[in-house]
Amino acid sequence: MSTDRPRKKRSPIFYGWWIVGSLFLTNFAVEATAIFSFAVFLKPMSEDLNISRGLISWVLAGRRLATGAASLLVGRLIDRYGSRVLITAAASLAGMAVIGLGWVQNAWQFLALFVLVGLSGITMPGNLLTSVPVQKWFVRQRGRATSFVTAGFGIGGMTFVIVHQQLIDAFGWRAAWVASGVFVIALVVPITWFVIKRQPEDMGLRPDGDPPLEEAPGPGGMAGAAAAVEARDEFSWTERQALRTVRLWQILAAYVLISFAMGGLQVHRFAFWEDRGYDRSLIASSFSLDAGFFFVGILSAGFLVERFHVRFVGAYAMFIAVGGIAATILLDAPWVLFVSAIALGIGQGTNAVVQVHIWPTYFGRAHIGAIRGYIVPGIVIGQALGAPFAGAVFDATGAYLIAFWTAAAMVALAALLLLAAAQPRRPQPAPAPSPH
């Protein structure tokens, strides 16, 4: 009598791609919280609430800092419990806080609600809630999966700049916030609850849709099969092991530098071109090109990191960004708006994927939530403080040149740090105690 159990028929589509689709939609939807389109709300809210633009900029920094603080806890929770409940709760919190913005009357209410949005941990490109699941479900195809998920931010950013402006023109900024919060909850909560799973092993699957252990024959029977599966997977470091490596701090330093530099440049670049006498509509057109090439950079990066070492792809993107910053400073012509926008869009889009992909490439997927939970706060702090630094330089000198040259130098240094960050050696197991 045969004891073979009937094999469960496998779906022709690896379940990890359903995860990717749901996370793409999540990243698209959370752009309704005005990650990229915040500038559209800046002027009407400033005028109606009688709040200075400088103070509103610090409110935005508060949101980013809150996201960094939340990451310290969120990473460990994702490793242990997965993202399903966490994303559902985060989207509900962010959505309700955004709805509440429709009734704010002063700066402190605005700040409190924006801090809640930040504490949700879901409203930032590269956030742990939507990037860690991809890193757990994919190894060989992680690059393209990461790029597809990250593309949700790019498409959402382009979409909601237009949508928010139309809502504000038609109904006012308060109604625009309320509609945005409702949209986030209505789209993200159901797709997350029914689709997201913690990791492939929980469903009897392997990363990338590879066959299970018993279906992976190899020389030497089961031992050979296990070796074949291990070869397709990757070695995973614990957070303690990773935090002891020089490479982790080297890569983190690179991304803190570029986050600080680009955080200031992105907020003040529009004003820089205005100060040179260019028409606002022309500047806005160049910014739309920036967003379009940000999306191009995201998609191309997914395939580049599968063909070249991730640190080379990141350094290439950073050097392109340096070129864009230098062109902005040194050249004064209408065409420069568009050339620099293309360079900055490609550079930032590519690095949006690289700075997510690089950590599991170096340290594996098993503890990647906890490892990145220590890393994200530093990157977010750098991004949050970049804009106030550039503003302070302008207030002190009447120009942005020192701030922008500092940004170019920081990005160039970040590229060199990344180039030098070779793959760390695996930690050696502790020797067994010798018998006496």
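Just so you know, these numbers come straight off a predicted model, no measurement behind them.

Q: Looking at this structure, how should I read the environment of Ile368?
A: Tracing the sequence through the fold places Ile368 in helix H15 (residues 368-397). Note on Ile368: relative accessible area 0%, which makes it buried. With 233 residues separating them in the primary sequence, Ile368 and Gln135 have C-alpha atoms 7.8 Å apart.

Q: Please explain the packing of helix H11 (residues 246-275) against helix H13 (residues 310-330) as it appears in this structure.
A: The packing of two helices is summarised by the inter-axis angle and the distance between the axes. One can describe the packing of H11 onto H13 by two numbers: an axis separation of 12 Å at closest approach and a directional angle of 30°. Our classification of the angle between H11 and H13 gives roughly parallel. Classified by chirality, the crossing of H13 by H11 is left-handed. For the pair formed by H11 and H13, the contact residues are Ala254, Tyr255, Ile258, Met262, Leu265, Phe272 and Trp273 on the first element and Gly314, Met318, Ile325 and Thr328 on the second. Each residue belonging to the contact of H11 with H13 can be placed in one class, and the counts come to 9 nonpolar, 2 polar and no charged.

Q: I would appreciate a short explanation of the packing of aromatic side chains in the present structure.
A: Between two aromatic rings, the relevant description is the distance of the centres plus the angle of the planes. One pass over the full model with this rule turns up 21 aromatic pairs. Pairing Tyr15 with Trp137 gives two aromatic rings, centres 5.8 Å apart and planes at 45°, and the pair type is tilted. Taken together, the residues span a long stretch of sequence, with Tyr15 in helix H1 (residues 15-30) and Trp137 in helix H6 (residues 128-137) at a distance of 122 residues. Here Tyr15 matches Trp137 in class, with each residue buried. On the numbers, 5.0 Å between centres and 45° between planes, the contact of Phe272 with Phe404 is tilted. Separated by 132 residues along the polypeptide, Phe272 in helix H11 and Phe404 in helix H16 (residues 401-419) bring together distant segments of the chain. Given the relative accessible area of 6%, Phe272 is considered buried. Here a set of aromatic residues connected by ring pairs shows up, and it is made of Phe14, Tyr15, Trp17, Trp137, Phe138, Phe148 and Phe303. Seen from the ring of Phe114, Arg63 lies directly overhead, with NZ or CZ sitting 4.8 Å from the centre.

Q: Could you clarify how one ought to interpret unusual backbone geometry in this entry?
A: Leaving glycine out, the prevailing phi sign among residues is negative, and the prevailing peptide bond configuration is trans. One non-glycine residue, Asn50, adopts positive backbone phi at about 60°. Here Asn50 falls in the exposed class, since its relative accessible area comes to 72%. You will see that Asp208, though not glycine, has its phi angle at about 70°, which is positive.

Q: Would you explain a nonpolar patch on the surface in this entry?
A: On the surface, Leu330, Leu331, Trp335, Val339, Leu401 and Trp405 cluster together into a nonpolar patch covering about 610 Å² of accessible area. Looking at the nonpolar patch, the elements that each hand over two or more residues are helix H14 (334-363) and H16. When you line up the elements, Val339 lands in helix H14.

Q: Help me understand the nonpolar core, please; the structure alone is not making it clear to me.
A: Within soluble globular proteins, side chains that are nonpolar generally end up buried alongside one another. Membership of the largest hydrophobic core comes to 90 residues, with the highest contact counts inside it found for Ile325, Trp359 and Val411. Per-element accounting of this core gives the leading share, 14 residues, to H11. Every residue in contact with Ile325, bar those within four places of it in the chain, is listed here: Met262, Leu265, Leu344, Phe404, Ala407, Ala408 and Val411. Grouped together as the second largest cluster of nonpolar side chains are 23 residues, Ala97, Val98, Val117 and Trp173 included.

Q: Just to check I follow, could you spell out the confidence of the model for the protein chain for this structure?
A: For any part of a model where pLDDT is low, the fine detail of the predicted coordinates should not be relied upon. Across the protein chain, the average pLDDT comes to 84, with 89% of residues at or above 70. Segment residues 1-8: pLDDT under 50, and 2 contacts once partners within four positions in sequence are set aside and those in other chains are kept. This model gives residues 216-231 a pLDDT under 50, and the stretch forms 12 contacts once residues within four places in sequence are excluded.

Q: Please clarify how the packing of helix H4 (residues 84-100) against helix H8 (residues 173-195) should be interpreted in this entry.
A: Contact pair H4 / H8: the axes reach a minimum separation of 7 Å and the direction vectors enclose 170°. Considering the angle they form, H4 stands roughly antiparallel to H8. Where H4 approaches H8, its residues Arg84, Val85, Ile87, Thr88, Ala91, Ser92, Gly95, Met96, Val98 and Ile99 are matched on the opposing element by Trp177, Val178, Ser180, Gly181, Val182, Val184, Ile185, Val188, Val189, Thr192 and Trp193. Considering only residue class, the contact of H4 with H8 consists of 14 nonpolar, 6 polar and 1 charged.

Q: I keep staring at H1 and nothing clicks. Help me out?
A: Side chains of residues three or four places apart in an α-helix project in the same direction, reflecting 3.6 residues per turn. For H1, with 16 residues, the first-to-last C-alpha span of 23 Å sits near the 22 Å given by 1.5 Å per residue. For H1, the set of buried residues is Tyr15, Gly16, Ile19, Val20, Ser22, Leu23, Thr26, Asn27, Phe28, Ala29 and Val30. Among the structural elements, H4, H6, helix H7 (142-171) and H8 are those in contact with the buried residues of H1.

Q: Is there a simple way to explain the pattern of salt bridges in this structure?
A: Between side chains of opposite charge, a pair can form as their charged atoms come close. A complete count under the given rule lists 7 salt bridges for this structure. For Asp79, the salt bridge is made with Lys136, and the minimal N-O distance between the two is 3.1 Å. Here Lys136 lies in helix H6 and Asp79 lies in helix H3 (residues 53-81), a separation of 57 residues in the sequence. This pair shows no difference in class: Asp79 is buried, exactly as Lys136 is. One salt bridge connects Glu201 with Arg365, and the closest N-O pair in it is separated by 2.4 Å. In this pair, Glu201 sits in the loop between H8 and helix H9 (221-232) while Arg365 sits in the loop between H14 and H15, placing the two residues 164 residues apart along the sequence. When its relative accessible area of 31% is taken as the criterion, Glu201 is described as partly exposed. Beyond isolated ion pairs, a larger network of salt bridges with shared partners links Glu201, Arg206 and Arg365.

Cut-off values and rules
Residues numbered from 1 in each chain as written. Predicted model: local features only at pLDDT ≥ 70, side-chain atom pairs only at ≥ 80, totals over all residues. Heavy atoms only, no water. Helix = DSSP H or I, 4+ residues; strand = E, 2+ residues; numbered from the N terminus. Buried < 20%, exposed > 50% of the residue type's maximum accessible area, 1.4 Å probe, protein only. Axes fitted to C-alpha atoms, helices over the stretch in contact; angles between N-to-C directions. Parallel < 35°, antiparallel > 145°, perpendicular 65-115°, else oblique. Left-handed = near helix turned anticlockwise from the far one by under 90°. Contact = heavy atoms within 4.5 Å. Nonpolar A, V, L, I, M, F, W, Y, C, P; charged D, E, K, R; others polar. Phe/Tyr/Trp six-rings, centres within 6.5 Å; stacked < 30°, edge-to-face > 60°. Lys NZ or Arg CZ within 6 Å of the ring centre and 35° of its normal. Patch = residues over 30% accessible without salt bridge, like charges linked within 9 Å, V, L, I, M, F, W, Y side chains within 5 Å. Areas by Shrake-Rupley, 256 points an atom, 1.4 Å probe, with all protein chains shown as cover. Salt bridge = Lys/Arg side-chain N within 4 Å of Asp/Glu carboxyl O. Core = buried A, V, L, I, M, F, W, Y, C linked by side-chain atoms within 4.5 Å. pLDDT = per-residue confidence, 0-100. Expected span 1.5 Å × (residues − 1).

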